[in-house]
Amino acid sequence: MTAIPAIAIVGASGRMGQMLIRMIDESDRVTLAGATERRGHEWIGKDLGLCMGGTKNGYIVQDDPLEVFAKAQAVIDFTSPEATIAHAELAAQARAVHVIGTTGLTDMHLEKLTAAARHAVIIRAGNMSLGVNLLTKLTQKVAAALDADFDIEIVEAHHRHKVDAPSGTALMLGEAAAEGRHVHLKDVSDRGRDGITGARKRGGIGFSAIRGGDIVGEHDVIFAADGERIILRHIATDRRIFARGALKAAIWGQGRSPGEYDMMDVLGL
Ligand code: NAD
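Worth saying up front: this structure is predicted, and the values here are computed from it rather than measured.

Glancing now at the overall build of the protein. Assigned secondary structure in the protein consists of 10 helices and 11 strands. Rg of the C-alpha trace for the protein: 20 Å, near the compact-globule value of 18 Å for 269 residues, within the 12% margin. In the protein, which comprises 269 residues, the proportion classed as buried is 49%. Looking at the protein as shown, the accessible area adds up to about 13600 Å², and 50% of this sits on carbon and sulfur atoms.

In this section: the packing of aromatic side chains. In total, this model carries one aromatic pair according to the counting rule given. A cation over a ring is seen here: Arg256 above Trp252, with NZ or CZ 3.9 Å from the ring centre.

The strand order across the open sheet built from five strands is 7-8-6-9-10, with neighbouring strands paired in mixed fashion. The open sheet has two free edges, formed respectively by strand 7 (189-190) and strand 10 (228-236), since each of these has just one partner strand. Relative to strand 8 (residues 205-211), strand 6 (residues 151-158) is paired through seven bridges, and the arrangement is parallel. Bridged to Ile152 within strand 8 is Ile205. Contacts between helix 7 (residues 168-180) and the sheet are confined to strand 6, strand 8 and strand 9 (217-225), with strand 8 contributing the most and set at about 165° to the helix.

If you walk through the whole model with that rule in mind, you get 10 salt bridges. The salt bridge partner of Arg211 is Glu156, with a shortest N-O separation of 2.7 Å. Here the residue Arg211 occupies a position in strand 8, and Glu156 occupies one in strand 6, the gap between them amounting to 55 residues. Exposure remark for Arg211: the relative accessible area of 31% places this residue in the partly exposed category.

We note that the domain assignment places domain 1 (6-124 + 239-267) and domain 2 (130-236) within the protein. For domain 1 versus domain 2, the separation of C-alpha centres amounts to 28 Å. Contact with domain 1, which involves nine residues of that partner, is made by 12 residues of domain 2. Carbon and sulfur atoms supply 66% of the area that domain 1 and domain 2 bury against each other, a total of about 850 Å² over both sides.

Judged by pairing direction, the sheet is parallel, and its six strands sit side by side in the order 2-1-3-4-5-11 without closing on themselves. Edge positions in the sheet fall to strand 2 (31-36) and strand 11 (259-261), since each has one partner strand and no second. This sheet shows a mean twist of 20° between the axes of neighbouring strands, independent of strand direction. By the bridge criterion, four bridges tie strand 3 (residues 74-77) to strand 4 (residues 97-100) in an arrangement that is parallel. By the bridge assignment for strand 4, Ile76 is matched with Val99.

Right, let's talk about the site of the ligand for a bit. For the ligand, the set of nearby residues contains 21 residues, the closest of which are Arg15, Met16, Glu37, Thr103 and Met128. Gly126 has a polar backbone atom sitting 3.1 Å from a nitrogen atom of the ligand. Between the ligand and Met128, the relevant distance is 2.8 Å, taken from an oxygen atom to a main-chain nitrogen or oxygen of the residue. Here the ligand loses 80% of its free accessible area of 860 Å² to cover by the protein chains. In terms of residue class, the shell around the ligand is made up of six nonpolar, 11 polar and four charged.

Calculation notes
- Residues numbered from 1 in each chain as written.
- Predicted model: local features only at pLDDT ≥ 70, side-chain atom pairs only at ≥ 80, totals over all residues.
- Heavy atoms only, no water.
- Helix = DSSP H or I, 4+ residues; strand = E, 2+ residues; numbered from the N terminus.
- Rg over C-alpha atoms; globule rule 2.2 N^0.38 Å.
- Buried < 20%, exposed > 50% of the residue type's maximum accessible area, 1.4 Å probe, protein only.
- Areas by Shrake-Rupley, 256 points an atom, 1.4 Å probe, with all protein chains shown as cover.
- Phe/Tyr/Trp six-rings, centres within 6.5 Å; stacked < 30°, edge-to-face > 60°.
- Lys NZ or Arg CZ within 6 Å of the ring centre and 35° of its normal.
- Pairing = 2+ DSSP bridges.
- Contact = heavy atoms within 4.5 Å.
- Axes fitted to C-alpha atoms, helices over the stretch in contact; angles between N-to-C directions.
- Salt bridge = Lys/Arg side-chain N within 4 Å of Asp/Glu carboxyl O.
- Domains from an automatic or database assignment.
- Buried area = accessible area lost by both parts, 1.4 Å probe.
- Near = heavy atom within 4 Å.
- Polar contact = N/O pair within 3.5 Å; in protein donor to acceptor, adjacent residues only side chain to side chain.
- Nonpolar A, V, L, I, M, F, W, Y, C, P; charged D, E, K, R; others polar.

Structure below.
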């Protein structure tokens, strides 16, 4: 275990990638091992500092992840599901902790991560912020305390560029509500309502997504019964909260036994 872990950032030009690189630059607890982008991206082969609109920093953006991972103790990954799966194998080979924020992973992707975690530390969360992880715990507790007279609805809002719905966070909240009720989310999940859908099913957990502008991320968990309603809400106004959580996870993961972890483990919730 190194005292100051060196971190590889994949997807360096992305919204989260750039935020992470800036935060690593300001931190005295981690250093930057290097940065990658997808093959063919305009940043490849160029100086990272210049690409980010600042001064030269000597890091050349790479398209070969293994070369960068070999110098890293952790990889922080907010890219796409396919890229994340490829990175998991390479991070395991390089013995680097793999912190995954990417959302939209299917069961097939998750199986591949489970296989990689036999030899590697993987920390994955649909939302890396302290506030949302607390909200998740609260959702589970409230769902456990109330019976199915309370309809559970999860409403999320994100910026216009987001490509997947419902958000990873909404699904995480849905899982927590289902867990509180001792049911499986896949059996009760109610998604994509449109047209004559019929009346709401008792015990269902509904999802709705709003997309627009530059909304960073908002989540409401609504427990609606006859005559009263409880709403648990989290509003993210700055992406730093996700980057801060990911860096915390990268440090926390150092020296851990191989396996799959999440932010609840990192935050000790
Ligand atoms: P973005 O589109 O701005 O950035 C993704 C970057 O990954 C792009 O620059 C893309 O070129 C790059 N990329 C794609 N394939 C690659 C590859 N093979 N190698 C290297 N780079 C590759 O998206 P974003 O807003 O930064 O979000 C990225 C992901 O993180 C999404 O799935 C989003 O939902 C998720 N996210 C999660 C959290 C969380 O807390 N878990 C928070 C914010 C975003």
